[in-house]
Amino acid sequence: MPIEHDLPVGKINCCQVCGSEKLHLVVDLGHQPPCDSLLWSPQLDDAEKSYPLRFLVCEDCSLGQIDYAVAPEELFFPDYPYRSGITATLVDKLSQTAVSTLSRFKLPENALVMDIGSNDGTVLSAFKERGMKVLGVEATNIAKIANENGIETLQAFFNEELASEVHQSYGTASVICATNVFAHISGLGSIMRGVSSLLDDGGVFVTQSHYLLDLLETNQYNSIYHEHLRYYTLKSLIVLFEQYNFTVTDVERIDNYGGSIRVFAVKGSGREVSAAVTALLEEEEKAGLYDLEVYRTFAQRLITAKRDLLTLVVSACSQGKKVVGIGCPGRSSTLMNFTGLAPDLVPYIAEQSTSLKLGLFLPGLHVPIIDEKVMFEEQPDYAIMLSWHYADPIIQKLRAKGLKSKIILPLPEVTVIEN
Ligand SMILES: [Zn+2]
């Protein structure tokens, strides 16, 4: 019997990819609010929802995963505050999806390229510039920005039903991309069936997901949050795609979001597989991803990193020093809430003036997000870089703009950069 990949809301009892019951708890991050549920000040007086956040690994297929599915409507609401086109670095990285795909696959003229969770259309713009027909699917109001920018985008959740409507109106697609959403969607079975029905035979499904090996190597426990249901290894993706008659033909590691893999899965079984696939599987095995011991030491390292950060911040505050946060990606919520950095320790998080998050509060501990101008005026003693995975270019920019504060990198281990 095929494995049910469409997760109901609530507790998950077996592996999300292979169905195995051999799931092992790696770390329990406690009950946490959904990380992108930023609050406006009138909401601070209301009750707030929080859900279990536990990270587990499957002994059989090596998929990292959490074991509680929050209702998608609660996680990806229409005002979801994330916009991919906002930083130049990210735009460049997302455009690489097009370059990388077109260098591997010869597409027919006027081929249709689709993107699931297309955000503001950044990925599709790069395909459009290269002569492809494009169509985005995006559930949040960011779809409007994409349409205004000339990237045709349907505001909807992608699923089997939507796929059949798209098929009737637009025909089949040669490429379907899913960038940084493939690990997030609870209706995985519906997506796989939808993608399969929309793609031409030999069409390619290009997914880009945060990579479990990078997560482990650099202690990125801040990447564990409710939106992020699965933490893929290549092995687990192969197990998944085989169940839908796709062949994983190629893979590349990329440095987006602190380390991701871009995986090319071609519709149809028994396709030719590149050497990169075999090599990365060997690397996963060598790194111990198929062995539980690696996950035990990861758990120890992340607890150490959490305690070191808390100790540093508490001791600075006790000496009358001021510590603030810089940059508020969704994932900063897990780090701030798990470490316990409430406003008495970290009175605000500074974001650039163009950010859609200004004036909002972090869920849980209610740290306010304010314009970085305040930080430049105050020059606090320390600033914790919450987007630490992009540290180098951001630090350069902050220094150029005149920030003199010592910068704390919270991970992979706590590091203070004096100047
Ligand atoms: Zn599994």
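Rules behind the numbers
Residues numbered from 1 in each chain as written. Predicted model: local features only at pLDDT ≥ 70, side-chain atom pairs only at ≥ 80, totals over all residues. Helix = DSSP H or I, 4+ residues; strand = E, 2+ residues; numbered from the N terminus. Buried ≥ 20, exposed ≤ 12 C-beta atoms within 10 Å, placed from the backbone. Contact = placed C-beta atoms within 7 Å. Pairing = 2+ DSSP bridges. Axes fitted to C-alpha atoms, helices over the stretch in contact; angles between N-to-C directions. Arc of directions from axis to C-beta.

1. Comments concerning the environment of leucine 23
As for its position among the elements, leucine 23 is in strand S2 (residues 23–32). Owing to 20 C-beta atoms within 10 Å, leucine 23 belongs among the buried residues under this scheme. Distance in space between the C-alpha atoms of leucine 23 and valine 57 is 5.6 Å, their sequence separation being 34 residues. Not counting chain neighbours up to four residues away, the residues in contact with leucine 23 comprise Cys14, Cys15, Leu56, Cys58 and Asp67.

2. With respect to the sheet that holds strand S7 (residues 133–138)
Pairing is mixed in the open sheet, where 7 strands are placed in the order S8-S7-S6-S9-S10-S13-S12. Each edge of the open sheet is held by one strand with a lone partner, namely strand S8 (153–155) and strand S12 (246–254). Taken pair by pair, the neighbouring strands of this sheet meet at an average axis angle of 15°, ignoring direction. Relative to S8, S7 runs parallel, the two being bridged by 3 bridges. Of the residues in S8, the one forming a bridge with glutamate 138 is glutamine 155. Across the sheet, helix H8 (residues 234–242) touches S12 and strand S13 (260–267), and the angle it forms with S12 is around 155°.

3. Overview of helix H6 (residues 188–198)
Considered for burial, the residues of H6 that qualify are Leu188, Ile191, Met192, Gly194, Val195 and Leu198. Viewed end-on, H6 has its buried residues packed into an arc of 165°, placing them on one side of the element. The secondary structure elements touched by the buried residues of H6 are helix H5 (160–170), strand S9 (173–179) and strand S10 (199–210).

4. Points about the sheet that holds S2
Spatially, the 4 strands line up as an open sheet ordered S2-S3-S4-S11, and their pairing is antiparallel. Strands with a single pairing partner mark the edges of an open sheet, and in this sheet they are S2 and strand S11 (230–231). Here 3 bridges tie strand S3 (residues 51–58) to strand S4 (residues 64–66), and the two strands are oriented antiparallel to one another. Looking across to S4, one finds that phenylalanine 55 is bridged to isoleucine 66. Against the sheet, helix H10 (residues 292–318) touches S2 and S3, its axis set at about 25° to S2.

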